[in-house]
Each structure stands twice: as structure tokens, then as C-alpha cells.
Amino acid sequence: MTPLPLPSEPPPLFQDLLVEPEEARSILRPQKDERYGFGFALSPYRGCGHGCRYCYVREYPNALHGPGDWGGWVAPKVNAPELLWSQRHKLHQARVFMASATDPYQPLERRYRLSRRCLEVLLLCPTTEVIVHTRSPLVLQDLELLRDFGERLSVGLSIPTDDDTVRQIVEPHAPAIPSRWAAVERLAAAGIRVSIGVAPLMAVHDARVFARRARTSGASNAWVGGLRLLKQDPFYKVLADHGWLKVLAPEYKEGIRAAFLEVFPPPKHKREARVEPVTAPPGPMASQPGLFDRVG
Ligand code: SF4
């Protein structure tokens, strides 16, 4: 494979973000948990410019090596596509989830195109299934490329609430909810399979309307993932201050889940079993209880 040109040296700041390009030593993180069904997680960036206030990744050990607060710095793995190409032998009949520890379509992707270039590599691996998971309509800049994968690629959009005023508090630097719906609609209209992750579940204004919106957006699948939080986590106070501690209650999650199951009934053969959505992200690694508690 001909090495792709790297972008010229970036300025240290990108939209108030401290950018520290790095050469990664590895790019495919094996996913050992069979329940998730992923072969590998692939993160073209370390750190995430969306900086969601509840993000479990901020507790990961390597996230702590960043030079500032979570969301204030990002290390683009500038050799990610070449590294991936060199490890393509691992990808035969594997499933790749992009990305579990960053958003592949965070704003910096406009400049670095690392997610795109990794996808270009994956396109050349014909037996590899790919799941792209994001909060950003920036994914649309690669619409044609995503379509080229056909049935072996799906896109997941995280839409944790139907209320953009909630989003402005919990994910102030992530794209607005209406823009995510628009992205789902464009992807689905282009024939790309789209899944909506109501995760981690935040305060919802009207669960039934929310679920119907998901259905009419063209998404083929939706799942609800609860938030689990230690009391000492600073985000606990954010929830408490806004009267949103209910999102931690199993009954609340079950109510939202039921509304979604009404409009996204599981396939007949799965009705007796617990629904296991195929696009739920893997859980966190270590120091915090699981953020994404999969409920289908
Ligand atoms: S977009 Fe995902 S990885 Fe990025 S801060 Fe938000 S939850 Fe974390």
C-alpha cells in the first residue's frame, strides 16, 4: 500500500483544543467479551474533542496522560492508517468497531481524516465487518465511502436524549440533537444501515415521541444503554443539580426501553430472549463500573 500523505504540522490549537499528534504503537484493540461480538476496537485518536461530561473514557488510565482536562486535548494517531494496513492479516472475517474510546468524527477529523483513511484500508479487507459509532453528522462527509462497504458496514449514532437543552448541559461540545437526526436520515436514505444508541441514557422529555422519531428517521435498529456512575464521580452532582438522578434508576431505563421496543420490536426468534443489539459499544475497561449497561 502506498503510504498516504500526512497532514502538515498542525498548529498547537484547533478550535481551542490542544492537539498533540503521536505515532501509535498499536491500533487494533482486541475485544474479548463475546457478548459484544466485536473482533477489534479501532480508535484513530486518543482523547476526544467532544468532551462529554459523563464520558467513561476520561477514567481510563491512558486518558489521564493527556495534558489537560478531558475534552481539552486530543492526540491524533497520525500513523493509524499505515499501522492498520500492516495488521490487515488480523482482520479476516473480523468485526471492527470504530471507535470505543474516542469519537471518530469529532471536529479534528475535518483536518486529519484519520477515520476516513482507516475506512479506506478496511474497504480493502473484503471479509471485515465495520461498525462506525459517532455523535456527529460529520460522518456524512464520508457518505460515499461508507456506502461502498454495502451490507458489511453499519453506522451507529448516539442520541442519549430527545431534548437538546439536556444535551447542551451534558455534551456541550457535541453536535446538536437535530443535526444527528438529520444525519440518520441522510445515511438511511443513502441505503446505509443505521442504529440509534440512546446511550448513555439521559433525561428524556417524551419517550414515545422519541422512539417514534427514531423510527421515522429511517434507522433500522435502536437500543437503550443506561448510565452507571460512582457517587464520587463529578457527573453525579451534575445530575443531582438538574434533578436528573432518575436516569440512574432501573425503572426509568426500563420505561424508555419499553417505548423503543414498541416501535422497534425484536425479531420473532429473539422475543423470548434478552435483546442483544449488535451495535452497542464495548464496556469500559477498568476503574469505573460499566457506563453502558446494555438493555437492548
Ligand atoms: S463522544 Fe464518546 S468518546 Fe467522545 S467524549 Fe463523548 S462519550 Fe466520550
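Starting afresh in each chain, residues are numbered from 1 along the sequence in its written order. Owing to the predicted nature of the model, reporting of local features is limited to residues with pLDDT of at least 70; listing and counting of side-chain atom pairs is limited to 80 or more, with chain, interface and lining totals taken over all residues. With hydrogens and water set aside, each side-chain value is computed from the structure's full complement of heavy atoms.

Enquirer: Go over the site of the ligand, please, and point to the residues and values.
Expert: Any residue with at least one heavy atom within 4 Å of a molecule or strand is counted as near it. Close contacts around the ligand come from C48, H50, G51, C52, C55, W70, T102, D103 and R135, and that covers them all. Residue classes in the shell around the ligand are distributed as four nonpolar, three polar and two charged. Residue classes follow a fixed rule: Ala, Val, Leu, Ile, Met, Phe, Trp, Tyr, Cys and Pro count as nonpolar, while Asp, Glu, Lys and Arg count as charged, and any other residue, Gly among them, counts as polar.

Enquirer: Explain the packing of aromatic side chains residue by residue, including any values.
Expert: Here is the rule: rings of Phe, Tyr and Trp (six-membered ring for Trp) pair when centre to centre is within 6.5 Å. Planes less than 30 degrees apart are stacked, more than 60 are edge-to-face, and the remainder are tilted. Counted under the stated rule, the structure contains four aromatic pairs. Seen from their ring centres, Y54 and F235 are 5.7 Å apart, and the 75 degrees between their planes marks the pair as edge-to-face. You can see Y54 sitting in the loop between β5 (45–46) and β6 (73–76) and its partner F235 sitting in helix α8 (residues 234–241), a full 181 residues away along the chain. The burial state of Y54 is the same as that of F235; both residues are buried. Put simply, DSSP H or I for four residues or longer makes a helix, DSSP E for two residues or longer makes a strand, and each gets a number counted from the N terminus. The classification of residues rests on relative accessible area computed with a 1.4 Å probe and restricted to protein chains. Under 20% of the type maximum is buried, over 50% is exposed, and intermediate values are partly exposed.

Enquirer: Residue-level account of the environment of R29, with values.
Expert: Mapping R29 onto the fold places it in strand β3 (residues 28–30). For R29, a relative accessible area of 30% corresponds to the partly exposed category. With eleven residues separating them along the chain, R29 and F40 place their C-alpha atoms 5.2 Å apart.

Enquirer: Give a description of the nonpolar core that names residues and reports values.
Expert: Residues belong to a common nonpolar core when they are buried Ala, Val, Leu, Ile, Met, Phe, Trp, Tyr or Cys residues joined through side-chain atoms within 4.5 Å. In terms of nonpolar packing, the biggest core is built from 77 residues, with L119, V132, L187 and F260 touching the most fellow members. Aside from chain neighbours lying at most four places away, what touches F260 is V198, A207, F210, A211, A214, A222 and V224. Core analysis: the next-biggest nonpolar cluster, separate from the first, contains eight residues, V19, V74, V78 and Y112 among them. In what follows, a contact means two residues having at least one pair of non-hydrogen atoms within 4.5 Å.

Enquirer: Just give me the short version of the packing of helix α7 (residues 207–216) against helix α9 (residues 250–263), but keep the residues and values in it.
Expert: Think of each axis as a best-fit line through the C-alpha atoms, taken over the contacting stretch in the case of a helix, with angles from 0 to 180 degrees between the N-to-C directions. Close contact between α7 and α9 brings their axes to 8 Å; oriented N to C, the two are set at 40 degrees. The angle between α7 and α9 falls in the class oblique. Crossing geometry of α7 relative to α9 is assigned as right-handed. Facing α7, whose interface residues are A207, R208, F210, A211, R212, A214 and R215, α9 presents I256, A259, F260, E262 and V263. Should an angle fall under 35 degrees it is taken as roughly parallel, and over 145 as roughly antiparallel, whereas 65 to 115 is taken as roughly perpendicular and any remaining angle as oblique. Throughout, a crossing is termed right-handed when the near helix is turned clockwise from the far one, and left-handed when it is turned anticlockwise from it by less than a right angle.

Enquirer: Any details on the pattern of salt bridges? Residues and values, ideally.
Expert: When a carboxyl oxygen of Asp or Glu is within 4 Å of a side-chain nitrogen of Lys or Arg, the pair counts as a salt bridge. Scanning the model with the defined rule gives 15 salt bridges in all. Of the charged contacts in the structure, one is a salt bridge between E171 and R135, with a shortest N-O distance of 3.1 Å. Within this pair, whereas E171 is found in the loop between α5 (164–170) and α6 (177–189), its partner R135 is found in the loop between β8 (129–134) and α4 (143–148), the two being separated by 36 residues in sequence. Both residues of the pair, E171 and R135, count as buried. Here R208 and E262 are joined by a salt bridge, their closest N and O atoms 3.1 Å apart. In this pair, R208 sits in helix α7 while E262 sits in helix α9, placing the two residues 54 residues apart along the sequence. Each of R116, E120 and D142 takes part in a single network of salt bridges with overlapping partners.

Enquirer: Break down the environment of F260 for me, citing the residues and quoting the values.
Expert: Here F260 shows up in helix α9. Judged by relative accessible area, F260 falls into the buried class, the value being 2%. Spatially, the C-alpha atom of F260 lies 8.5 Å from that of A214, the residues being 46 residues apart in sequence.

Enquirer: Provide a residue-level description of α6, including the pertinent values.
Expert: Two residues of an α-helix separated by three or four positions point the same way, owing to the 3.6 residues in each turn. The length a helix should cover is 1.5 Å for every residue beyond the first. The end-to-end C-alpha distance of α6 is 18 Å, a good match for the 18 Å that 13 residues give at a rise of 1.5 Å each. The secondary structure elements touched by the buried residues of α6 are α4, β9 (153–158), α5, β10 (193–198) and α7. G191 sits one or two residues past α6 and shows a positive phi near 90 degrees.

Enquirer: Pulling in residues and values, what's your account of the confidence of the model for the chain?
Expert: Taken residue by residue, the chain gives an average pLDDT of 86. The fraction at 70 or more is 82%. Low pLDDT (under 50) marks residues 2–7, which in the prediction has eleven contacts with non-local residues, meaning those over four places away or in another chain. Every residue carries a pLDDT, the predictor's confidence in it, which falls somewhere between 0 and 100. Here residues 272–296 is modelled with pLDDT under 50, and outside its nearest four sequence neighbours on either side it reaches 83 contacts, counting other chains as well.

Enquirer: Lay out unusual backbone geometry with the relevant residues and their values.
Expert: Look at the link from M98 to A99: it is a cis peptide, with omega at 10 degrees. In this structure, A99 sits in the loop between β7 (95–98) and α2 (109–112). With omega at -10 degrees, the peptide bond leading from A199 into P200 counts as cis. Locating P200 in the fold gives a position in the loop between β10 and α7. With a phi close to 55 degrees, R113 is a non-glycine residue in the positive phi region. Looking at where R113 falls in the secondary structure, it is placed in the loop between α2 and α3 (114–123).

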